[in-house]
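One-letter residues, chain by chain:
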Amino acid sequence: MADYQKMYTTLFNAIIDALEQLTLQNIGEAKETLMQAQQKAEELYMKSDD
């Protein structure tokens, strides 16, 4: 069964971090933070199928 709480927490924390980076005008870092979180959440979901 998928651990939706862990996926949610991963994405939520990344959004908070990205918003802080955007406030500091670190757009590239914000983008990278969100992309990494998306990949992590996808990995968690794919592992749940095993």
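Residues numbered from 1 in each chain as written. Predicted model: local features only at pLDDT ≥ 70, side-chain atom pairs only at ≥ 80, totals over all residues. Heavy atoms only, no water.

1. Focus: the side chain of Ser48
Link 1 in the chain: Inspection of the secondary structure puts Ser48 in helix α2 (residues 27-48).
Link 2 in the chain: Residue class for Ser48 comes out buried when judged on its relative accessible area of 17%.
Link 3 in the chain: Only 2.4 Å separates the side chain of Ser48 from the backbone oxygen of Tyr45, close enough to count as a polar contact.
Link 4 in the chain: Not counting chain neighbours up to four residues away, the residues in contact with Ser48 comprise Met1 and Ala2. (Helix = DSSP H or I, 4+ residues; strand = E, 2+ residues; numbered from the N terminus. Buried < 20%, exposed > 50% of the residue type's maximum accessible area, 1.4 Å probe, protein only. Polar contact = N/O pair within 3.5 Å; in protein donor to acceptor, adjacent residues only side chain to side chain. Contact = heavy atoms within 4.5 Å.)

2. Description of unusual backbone geometry
Link 1 in the chain: One non-glycine residue, Gln25, lies in the positive phi region at around 65°.
Link 2 in the chain: Note on Gln25: relative accessible area 66%, which makes it exposed.

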